[in-house]
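# Overview (structure and organization)
For reference, the chains in residue letters:
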Protein chains: 2
Amino acid sequence: MTAPVSRRSGGRAARKAIREAPLTDDVRPIRPGMEGGRYKPLSQEQVEQIHEAALKALETIGLADAPDSGVAYLTGAGAAQGDDGRIRFPRSVVEDALAKACKKITLHGRDPKNDLELWGSRVHYGTAGAAVHMVDVNGREYRDSTVQDLHDAARICDQLDNIHFVQRPMVCRDIADNREMDLNTIYACCSGTTKHIGTSFTEPDYVPPALEMLHMIAGGEEAWRARPFVSNSNCFVVPPMKFATEACQVMENCIEGGMPVLLLSAGMAGATTPSTIAGAIVQATAECLAGLVYVNAVKPGHPAIFGTWPFGLDLRSGAMTGGSGEQALLSAGCAQMHKHYGLPGGAVGGITDAKLPDMQAGWEAMCSNVMAGLAGLNMVYESAGMHASLLGFCHESLILGDDLIGHAMRCVRGIEVNDVTLALDQIAEVCMGGPGHYLGTDQTLLRMQSDYVYPSLGNRMSPKEWSENDKPDLIENTIARKERILSERSAARFDPLLDAEIRRKFNIHLPA
Amino acid sequence: MTAPVSRRSGGRAARKAIREAPLTDDVRPIRPGMEGGRYKPLSQEQVEQIHEAALKALETIGLADAPDSGVAYLTGAGAAQGDDGRIRFPRSVVEDALAKACKKITLHGRDPKNDLELWGSRVHYGTAGAAVHMVDVNGREYRDSTVQDLHDAARICDQLDNIHFVQRPMVCRDIADNREMDLNTIYACCSGTTKHIGTSFTEPDYVPPALEMLHMIAGGEEAWRARPFVSNSNCFVVPPMKFATEACQVMENCIEGGMPVLLLSAGMAGATTPSTIAGAIVQATAECLAGLVYVNAVKPGHPAIFGTWPFGLDLRSGAMTGGSGEQALLSAGCAQMHKHYGLPGGAVGGITDAKLPDMQAGWEAMCSNVMAGLAGLNMVYESAGMHASLLGFCHESLILGDDLIGHAMRCVRGIEVNDVTLALDQIAEVCMGGPGHYLGTDQTLLRMQSDYVYPSLGNRMSPKEWSENDKPDLIENTIARKERILSERSAARFDPLLDAEIRRKFNIHLPA
């Protein structure tokens, strides 16, 4: 009995030495852009049925309410405006746009190490949304969200390995003027993180001053255009099947300014799309295809993310819900359509209807996040921090989302099968004359860091250890981590000279 | 504007009427045994590589420690015992067993409405395990689990639509004698639920008295054998690659007594199986194939569930962990192997390492549960209530698990695609001259109950409603539901005459 015991101790000491060494990038078990796609909610035949229905919807129903400029672009591309004002799209027009469309999008970070490469089934998770409340976990309270909350969220995201981009998740309700709000949103996000940022614009006229600020941050227009680190989240459509006139004009301005566009169709199944999952995906697909024609008519090959974002509805109440199984299926089904077109795409995951970061929040957020990842969704938006069916944003949930998404991403990475991982030699060695366990084998030691993801805040103590350690509370520990992050000097902050210059030109609400 | 508004009100009234009608069985959105399988963590080539490696392991490494009776059965079937005592299995012996094995298992409930049909990718969720602690949520305390806790768990399961079977989840630590514990475990479960029950036996000698009790409950041996409502969860193997001598003898007795068997290989990746996911699946598959040869040598076609249950390990500490992404992949990968063989199979899902039903518990339990279901696992064991990496069981988590699993099962059901769900006509009607929304369409009303799953305890209120309703707390509401269930008279309880008879023959610890 002594031999195995001493071998085991040897294993422990070796494990201890390895785990104390910092992780080099090549052995990190997960990273942004891991390849998903092993979950296919739709058969190939079903994908084609949805595609055909979407084409037919574009051909026979079309979209209303395009702005004049859009009518010109779209009819120029071969679409036709009917007597009813609707723009209808012959199949060939859609096919032309699909041929021209940008198939590989790089979303730049202000720091190139945070660049995201959107193609294939590469999966990225990040924030998004327009929450109007901040969730105060300590006080169990919902209050208006502010620009400081937004900036803090960006700073927190900057420190979380598994949050890969920062699309504006909440509205700065302390800034009444929409122009100032839009500009301060960009400032609050960009000064908080060097990851890619997504934002939206209330009016087309707010795009030029935003570009002015972005040129300053980038160090000139040329530098901005070379590596645009902010994209425009654009609700170009008001489902069902109507263009959002002003948002389309915003989009034209963003394309002109070299800003990537997220073509966002945010219908609600049962209210603004059909109540069936398939029907909601058909309509969202049709709408985004119309958007794709539009973008490529304005500028062929301009980077545009195919943003089919159908939401669930609680049909009993008519209120939105984002934490359901139906929601998870909607997004996973959309991911498969993106792949069918070979287009970089995004949809929602991670939303909860829970008001606080409780068990419901955990199961709802995981379900849609892991299914989106397994389906190979390129951009999983709203994946952390969103509560109350998108009405509230919570910093603590965002931080816990880092653990949750790391866990999901490990699943996306999947199972490697080769002679080494099949481990037949190891099984033989351990069982026949060996120690009868695998604790000290080289393979076990080697895999400890390269194959396994460990939670930061998730607790794996035994009940005894947990009790001896005063029963650590998940939320209290998360609050402590939040305070630690926010107390540190952010590496993403602007150079003081640049900051002063921006503040001279714009009314920045955040204190200097 | 008045027309759409009045139509919308009409829709609301109609929805209200429909939602107040009780759900008939044909419109229930989810039910036990929905077909999964759209998630395939392994490619077909990888499945075959694992299969080949498992066959090779059986051929060249084999299993040690078979009891004498097992050696006779196995060599009788064509396996060979080497000088080292290990039983090795030529490929043809495994293929013979696969040909003979029971491919369609019905797990009976004491009430036939609870029968489970295990084949294809039909998915069922239930409890299992051997927790030694009960989680006291109010006191944030772990205490020894008792026979009353077990009985209460069975009674709670009986009331939860999405818990489909009740395998004993915890050990009655208040019963010191193992024989009495095993018999009281059966009594506590059977008197609490009419769903299918799983249990285990400490020694082979305890099987005959258990069968005696089961014959009494069934109304005679013939009735028992016609519809055995208890199966034997049998750890026939001590990984790596050793038979568990006594458990094999238990198994022989159970087969003799007409009791279905769960062939349970519970290795731990990195300790008792290789640390790689593929290697752990290879070894579990090899072990269960050996068990399959054994069962079919004792009695060809005896119902045996292929129980590849590899667990994860935290390689840093060497302690078990069940709440990881690696765990979810282990179980989903196993599900695919079961399907490769066309055998009814089971593995674990739903475990959390969290000590309490917090957000971590939610995300961990959902991840492995939904992935197991999407992979088409027939039996998802330990899917609700298991905390602290299986050391603790929690009634409140069990109840919340009903919501969580309902949500997962909705995802398993997947996306239906046909002319009606594609909804092209509906889109046309709504958009062109219609109301511009889908709230009042027939399809929306019809789908409200047949397509959508609503949580019982999960909260979908808006922040305003939530606040007006005194901010309902998830755990407090769950405790209230638990108390309500346990205060009601159970329909599963035994007839008083039968109960008295059982109590005359056996030392029943639960009060009459």
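For chain A, an unreviewed UniProt entry supplies the name Methyltransferase and the organism Roseovarius aestuarii.

When chain B is fitted to chain A, the best match, at an RMSD of 0.0 Å, comes from turning it 180 degrees and sliding it 0.0 Å along the axis. Such a combination of turn and shift is consistent with a two-fold rotation axis. A shared binding surface is used by both copies, with 100% of the interface residues of chain B retained as interface residues in chain A.

All chains considered together, the criterion is met by 42 salt bridges over all chains. Residue Asp473 of chain B is joined to Arg140 of chain A by a salt bridge in which the shortest nitrogen-to-oxygen separation is 3.4 Å. Of the two residues, Asp473 of chain B is situated in the loop between α17 (463-468) and α18 (474-487) and Arg140 of chain A in the loop between β7 (133-136) and β8 (141-144); the pairing between them involves two chains. Since its relative accessible area comes to 28%, Arg140 of chain A is described here as partly exposed.

For the rest of this paragraph, the subject is the sheet that holds strand β18 (residues 386-387) of chain A. Residues and elements named next belong to chain A. The strand order across the open sheet formed by four strands is β8-β7-β19-β18, and the pairing between neighbours is mixed. Each edge of the open sheet carries a strand with a single partner, namely β8 and β18. Bridge count for β7 against β8 is four bridges, and the pairing is antiparallel. Directly across from Asp136, in β8, lies its bridge partner Glu141.

Below, the discussion takes up the sheet that holds strand β7 (residues 133-136) of chain B. Residues and elements named next belong to chain B. Spatial ordering of the open sheet is given by β8-β7-β21-β20, a layout of four strands whose pairing is mixed. Edge positions in the sheet fall to β8 (141-144) and β20 (386-387), since each of these pairs with one other strand and no more. Pairing geometry for β20 and strand β21 (residues 392-393), over two bridges, is antiparallel. Residue pairing across strands places Met386 opposite Phe393, the latter belonging to β21.

This brings us to the pairing of strand β10 (residues 196-199) of chain B. As a general feature of sheets, a regular strand has side chains that alternate between the two faces. Residue and element names in this part refer to chain B. In β10, alternate side chains face the same way, and those of His196 and Gly198 on one face and Ile197 and Thr199 on the other are all buried. Pairing analysis gives three bridges linking strand β9 (residues 165-167) to β10, with the strands arranged parallel. Considered in β10, the bridge of Val166 is made with Ile197. This β-α-β element, β9 to helix α6 (residues 178-190) to β10, shows right-handed connectivity. Note that β10 and strand β11 (residues 230-234) share three bridges and pair parallel.

Residues and elements named next belong to chain A. Tracing the sequence through the fold places Asn507 in the segment after α19 (496-505). You can call Asn507 partly exposed: its relative accessible area is 46%. Separated by 327 residues in the primary sequence, Asn507 and Glu180 place their C-alpha atoms 7.1 Å from one another. Setting aside its immediate chain neighbours within four residues, Asn507 contacts Glu180 and Asn184. In this structure the side chain of Asn507 is engaged in a polar contact, spanning 3.1 Å, whose partner is the side chain of Glu180.

Our focus in this paragraph is the interface of chain B and chain A. By a frequent convention, interface size equals the accessible area lost on bringing the separate parts together. With 115 residues of chain B at the contact, the number on the chain A side is 115 residues. With both sides pooled, the region where chain B packs onto chain A buries about 10,000 Å², and carbon together with sulfur makes up 66% of that total. Three residues, Met359, Trp363 and Ile415 of chain B, lead the burial of chain B against chain A; their summed loss comes to 9% of the area buried on that side. Our count for the chain B to chain A interface comes out at 10 salt bridges. In this structure, the salt-bridge partner of Arg460 of chain B is Asp353 of chain A, at a minimum N-O distance of 3.5 Å. The tally of links between chain B and chain A comes to 42 residue pairs in polar contact (both at pLDDT 80 or more). Take the side of chain B that touches chain A: its biggest share by element is 11 residues, from helix α12 (residues 359-374) of chain B. Here the side of chain B that touches chain A is built from residues that sort into 58 nonpolar, 33 polar and 24 charged.

Aromatic rings considered in pairs are described by the distance between their centres and by the relative angle of their planes. Residues and elements named next belong to chain A. Applying the stated rule across the entire model yields 20 aromatic pairs over all chains. Ring centres of Trp224 and Phe229 lie 5.4 Å apart, and the angle between their planes is 85 degrees; this geometry places the pair in the edge-to-face category. Owing to a relative accessible area of 0%, Trp224 belongs among the buried residues under this scheme. Note on Phe229: relative accessible area 5%, which makes it buried. An aromatic cluster of three or more residues is present, and its members are Tyr73, Phe236, Phe243 and Tyr294. The side chain of Lys104 reaches across the aromatic face of Trp119, ending 4.9 Å from its centre.

Parameters and conventions
- Residues numbered from 1 in each chain as written.
- Chains lettered and ligands numbered in written order.
- Predicted model: local features only at pLDDT ≥ 70, side-chain atom pairs only at ≥ 80, totals over all residues.
- Heavy atoms only, no water.
- Least-squares fit on C-alpha atoms with pLDDT ≥ 70 in both.
- Contact = heavy atoms within 4.5 Å.
- Salt bridge = Lys/Arg side-chain N within 4 Å of Asp/Glu carboxyl O.
- Helix = DSSP H or I, 4+ residues; strand = E, 2+ residues; numbered from the N terminus.
- Buried < 20%, exposed > 50% of the residue type's maximum accessible area, 1.4 Å probe, protein only.
- Pairing = 2+ DSSP bridges.
- Right-handed = clockwise from strand over helix to strand, strands pointing away.
- Polar contact = N/O pair within 3.5 Å; in protein donor to acceptor, adjacent residues only side chain to side chain.
- Buried area = accessible area lost by both parts, 1.4 Å probe.
- Nonpolar A, V, L, I, M, F, W, Y, C, P; charged D, E, K, R; others polar.
- Phe/Tyr/Trp six-rings, centres within 6.5 Å; stacked < 30°, edge-to-face > 60°.
- Lys NZ or Arg CZ within 6 Å of the ring centre and 35° of its normal.

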